[in-house]
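Working through the structure, step by step
What follows is the residue order along each chain.
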Amino acid sequence: MNVYHLLNDFPILQREINGKRIVYLDSAATSQKPRQVIQALVDYYEGYNANVHRAVYKIGEEATQAYEGVRQKVADFIGAKDTGSIIFTRNATEAINLVAYSWGRENVGEGDEIVLTPMEHHSNLVPWQLLAAERGATLKFIEMNADGTLDLGGLDSTITERTKLVSVTHMSNVLGTINPIRQIADAAHAVGAVMVTDAAQSAPHLALDVEALGADFVAFSSHKMLGPTGVGVLYGRRDLLEAMPPFIGGGDMIKQVWLDRAKWNDLPWKFEAGTPNIADVIGFGAALDYLNGIGMEVVRRHEIEITEYALRKLREVEGLTMYGPANVENRGGLVSFNIEDVHPHDLATLLDRDNVCVRAGHHCCHPLMRMMEVSATARASFYLYNTPEDVDALAESILRAREVFARVAV
Amino acid sequence: MSLSDDLYRDIILEHHKNPHHYGTLEPADVSVEGVNPLCGDECHITLKLDDGRIADIKANPRGCAISRASTSMMTDAVIGKSLEEAHATVQKFKHMMLGPGTADELPEEMEDIEALEGVKVLPARIKCAVLSWDTLLEGMREVEQKKD
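Note that the structure is predicted; figures quoted are calculated from it, not measured. (Residues numbered from 1 in each chain as written. Chains lettered and ligands numbered in written order. Predicted model: local features only at pLDDT ≥ 70, side-chain atom pairs only at ≥ 80, totals over all residues. Heavy atoms only, no water.)

1. Concerning empty space enclosed by the protein
Residues and elements named next belong to chain A. The line we're drawing: A cavity here means a set of 1 Å grid points, computed over protein atoms only, where a 1.4 Å probe fits but cannot escape. A pocket is an open set with protein on both sides within 12 Å along at least 5 of 7 lines, and lining residues have an atom within 4 Å of a point. Grid points are joined across faces, edges and corners, and a volume is the space filled by probe spheres set on the points. Three residue categories are used. Nonpolar comprises Ala, Val, Leu, Ile, Met, Phe, Trp, Tyr, Cys and Pro, charged comprises Asp, Glu, Lys and Arg, and polar comprises the others, including Gly. Per the annotation, domain bounds derive from an automatic or database assignment of domains.
Taken as a whole and assessed by the stated rule, the structure comprises 2 cavities of 30 Å³ or more. In this structure, the largest cavity spans a volume of roughly 40 Å³. In terms of residue class, the lining of the largest cavity is built from 4 nonpolar, 6 polar and no charged. Taken together, domain 1 (3-27 + 295-409) and domain 2 (48-292) each give at least three residues to the lining of the largest cavity, which thus spans both. The calculated volume of the second largest cavity comes to roughly 30 Å³.

Below is the structure:
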């Protein structure tokens, strides 16, 4: 895909620092926003700012329609049949916590097992640690291969009759690994367990179909897919959501309230207490429109190309180690790496001199870092607005950083 | 970006590549571990005390050049000092890194440390420079508490 014409849609990519453009390679942390999304926020605040679900006046109706319209867009975007399955949260982390608190505390007990992987982001690990500690359950982990893929050979002995829930990231934010969620979901369902997937890294970058994925709960975040911060999504199977108690109590999530009790609202509002993040949900809708306008297949194809190019380019850099699967068809658009003798934090600081923005650190994955026997990595992550020139700038900047460090002998 | 970098000055790279008092004292009178949760950098400091003085110090920093160099400079700055003097030295350093202090105010024996002033313009990296100093403070606090 020729993405150059898209660059004009992203005001931040027009910004120059010290006379040089910004090379933004940290979309796995958060994506940049097209002006269409920013404009949608302005339109709402300037044109029809009102609370949703209660106003009978014109602008209130408009706000409600726009807000609920985005729910339909999200359902369509991920292939969900029913808008009752789409719950807006603050972020993917809150979406996972909703499942851990509401479903988990109702269904997980003493001696039960929760199955995860060592490559989970802390957001898909710590909520389950809290649940397991509270309920006397045990965490188990699917083994990993050296190339950063999951070793599913022993899946039958990991997922057993004791397993109540399996939660696996769809795409690793460190390795880029795309996990076979369907296969794992089938194993989970075979023993009556519930399948959760953290799609925070995959939903922005590939065509998601929750039916094909087979997961019962799917969590992702607006800000990683061109939308505003402060909006997450939980997709949940309707029958499971129906049976679950509310997560947070308050206004909007009730039908009737007495002094001593309340009757819950229908799905999905049962899980959306209080005034929601109306403006940012509406902005998220504009982001989905933007992605649909390009087509997720096209986005994915572009990222495969750019990742392939980055792997080739970085392989040429002496002393550079890359992590994750070698096959670009099985990985998302990001590359984690280390340079011999240059700590990733120093590297990121030196790259910043050239306005090359990469992430350096543990990427909220302490256990995985320990397994990889590194304290940190540098990570370049790509999106639809990245070009081969961005990869060239990265490679050149890495070489310059290495020269700075080579100045003084050991 | 020129090769003679404002931040990564030769003196910093020298301390990073050949850190002073590197390693672990065994046995040690004080053993303390510091962690920067933001980046996962770790720093293990061991001290030998003699009559209220830091008779020996070794540090084992696991992290970036800024943190390793700063740790190395810290060991130079406090070895041989009384705990009280070491405390004052740490405060002078923190005053420069986190407060309004400048490198000019540092005493002569902290000369190398001036090079770390460049980190001040990078808020995200200040913690790297301060980690080992805070870890030392923590270790000295433990000594004080044992006395009480």
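2. Focus on the domain arrangement of chain A
Residues and elements named next belong to chain A. Where we set the bar: In this description, contact between two residues means that some pair of their heavy atoms is separated by no more than 4.5 Å. Defined in terms of a 1.4 Å probe, buried area is the accessible area two parts forfeit on being brought together, summed over both. Counted as salt bridges are all cases of a side-chain nitrogen of Lys or Arg within 4 Å of a carboxyl oxygen of Asp or Glu.
When the domains of chain A are assigned, the result is domain 1 (3-27 + 295-409) and domain 2 (48-292). Its C-alpha centre places domain 1 at a distance of 29 Å from the equivalent point of domain 2. If you look at the interface, domain 1 gives 32 residues, while domain 2 gives 29 residues. Across the interface of domain 1 and domain 2, roughly 2500 Å² is buried in total on both sides, 64% from carbon and sulfur atoms. Applying the counting criterion to the domain 1 and domain 2 interface returns 0 salt bridges.

3. Concerning the interface of chain B and chain A
Put simply, the rule is: We call two N or O atoms a polar contact when they sit within 3.5 Å, provided that within protein one can donate a hydrogen and the other can accept it, with sequence-adjacent residues counted only if both atoms are side-chain atoms. Runs of H or I in DSSP of at least four residues are treated as helices and runs of E of at least two as strands, each being numbered from the N terminus.
Listed per partner, the contact involves 26 residues of chain B and 22 residues of chain A. When chain B packs against chain A, close to 2000 Å² is buried across both sides, 56% of that on carbon and sulfur atoms. A salt bridge links R407 of chain A to D10 of chain B; the nearest nitrogen and oxygen atoms lie 2.5 Å apart. Summed over the shared surface of chain B and chain A, the number is 9 residue pairs in polar contact (both at pLDDT 80 or more). When residues of the side of chain B that touches chain A are traced back to their parent elements, those giving at least two are α1 (10-17) and α2 (65-78) of chain B. Considering only residue class, the side of chain B that touches chain A consists of 12 nonpolar, 6 polar and 8 charged.

4. A look at the nonpolar core
To keep things clear, this is the line we draw: Residues grouped as a nonpolar core are buried Ala, Val, Leu, Ile, Met, Phe, Trp, Tyr and Cys residues, joined through side-chain atoms within 4.5 Å. Think of it in three bands: residues with accessible area under 20% of the maximum for their type are buried, residues over 50% are exposed, and the middle band is partly exposed, with areas taken using a 1.4 Å probe on protein chains only.
Judged by nonpolar contacts, the single largest core of 80 residues is most densely connected at F220, F284 and L384 of chain A. Sort the elements by how many residues they give to this core and helix α9 (residues 278-294) of chain A lands first, with 11 residues. Beyond its immediate chain neighbours, meaning those up to four positions away, F220 of chain A contacts V74, I78, N91, A92, A199, A200, A203, M225, G232, V233 and F284 of chain A. Formed by 76 residues, the second largest nonpolar core is a distinct cluster that contains A310 and F405 of chain A together with V119 and I126 of chain B.

5. Here's the deal with α1 of chain B
For α1 of chain B, the set of buried residues is I12, L13, H15, H16 and K17 of chain B. Contact partners of the buried residues in α1 of chain B: α13 (388-406) of chain A together with α2 of chain B.

6. Some points on the side chain of D354 of chain A
Here D354 of chain A shows up in the loop between α11 (344-352) and β15 (356-357). Among the polar contacts listed, one links the side chain of D354 of chain A to the side chain of K20 of chain A, at a separation of 3.3 Å.

7. Points about helix α10 (residues 296-315) of chain A
All names here are of chain A. Filter applied, for reference: Expected span of a helix: the number of residues minus one, times 1.5 Å.
Between its terminal C-alpha atoms α10 stretches 28 Å, which fits the 28 Å expected from 20 residues at 1.5 Å a residue. For α10, the complete set of buried residues consists of M296, V299, R300, H302, E303, I304, I306, T307, A310, L311 and L314. Buried residues in α10 make contact with α2 (58-78), α9, β13 (320-323), β14 (334-339) and α13.

8. Quick word on unusual backbone geometry
Along the chain, L267 of chain A connects to P268 of chain A via a cis peptide bond; the corresponding omega equals 0 degrees. Among the structural elements, P268 of chain A can be located in the loop between β12 (262-264) and α9. In this chain, E26 of chain B is followed by P27 of chain B through a cis amide linkage whose omega measures 0 degrees. Here P27 of chain B shows up in the loop between α1 and β1 (30-36). Even without being a glycine, N18 of chain A presents a positive backbone phi close to 50 degrees. Locating N18 of chain A in the fold gives a position in the loop between β1 (16-17) and β2 (20-21). Classification of N18 of chain A by relative accessible area gives exposed; the value is 73%. Unlike most non-glycine residues, H21 of chain B shows phi in positive territory, near 50 degrees. Checked against the element boundaries, H21 of chain B lands in the loop between α1 and β1.

9. Here's the deal with the packing of aromatic side chains
All names here are of chain A. Quick note on the threshold: Centres within 6.5 Å make a pair out of two Phe, Tyr or Trp rings, where for Trp the six-membered ring is used; the pair is then stacked when the planes are under 30 degrees apart, edge-to-face when over 60, and tilted otherwise. Geometrically, a lysine NZ or arginine CZ counts as sitting over a ring once it is within 6 Å of the ring centre and also within 35 degrees of the ring normal.
By the definition in use, this model includes 9 aromatic pairs over all chains. Pairing Y101 with F247 gives two aromatic rings, centres 5.8 Å apart and planes at 40 degrees, and the pair type is tilted. One end of the pair, Y101, is in helix α3 (residues 92-107); the other, F247, is in the loop between α8 (238-243) and β11 (254-257), and 146 residues separate them in sequence. Classification of F247 as partly exposed rests on a relative accessible area of 26%. Their ring planes at 65 degrees and their centres at 5.6 Å tell us that Y383 and Y385 sit as a pair that is edge-to-face. Among the aromatic residues, those joined into a ring-pair cluster are F10, Y290, Y383 and Y385. The lysine or arginine in question, R105, covers the ring of Y101, its NZ or CZ lying 4.0 Å from the ring centre. In this arrangement the basic side chain of R261 is found over the ring face of W258, its NZ or CZ atom lying 4.0 Å from the centre.

10. Focus on the packing of α10 of chain A against α13 of chain A
Residues and elements named next belong to chain A. The following threshold applies: Comment: axis = line fitted to C-alpha atoms, over the contacting stretch for helices; angle = value between 0 and 180 degrees taken between N-to-C directions. The cut-offs work like this: below 35 degrees is roughly parallel, past 145 is roughly antiparallel, 65 to 115 is roughly perpendicular, and the gaps in between are oblique. Take the far helix as the reference: if the near one is turned anticlockwise from it by less than a right angle, the crossing is left-handed, and if turned clockwise, right-handed.
Two elements in contact, α10 and α13, have axes separated by 10 Å at closest approach and are oriented at 20 degrees. In terms of their interaxial angle, α10 and α13 are classed as roughly parallel. For the crossing formed where α10 meets α13, the hand is right-handed. Every residue of α13 that contacts α10 at I306, Y309, A310, K313 and L314 is listed here: P388, V391, D392, L394, A395 and I398.

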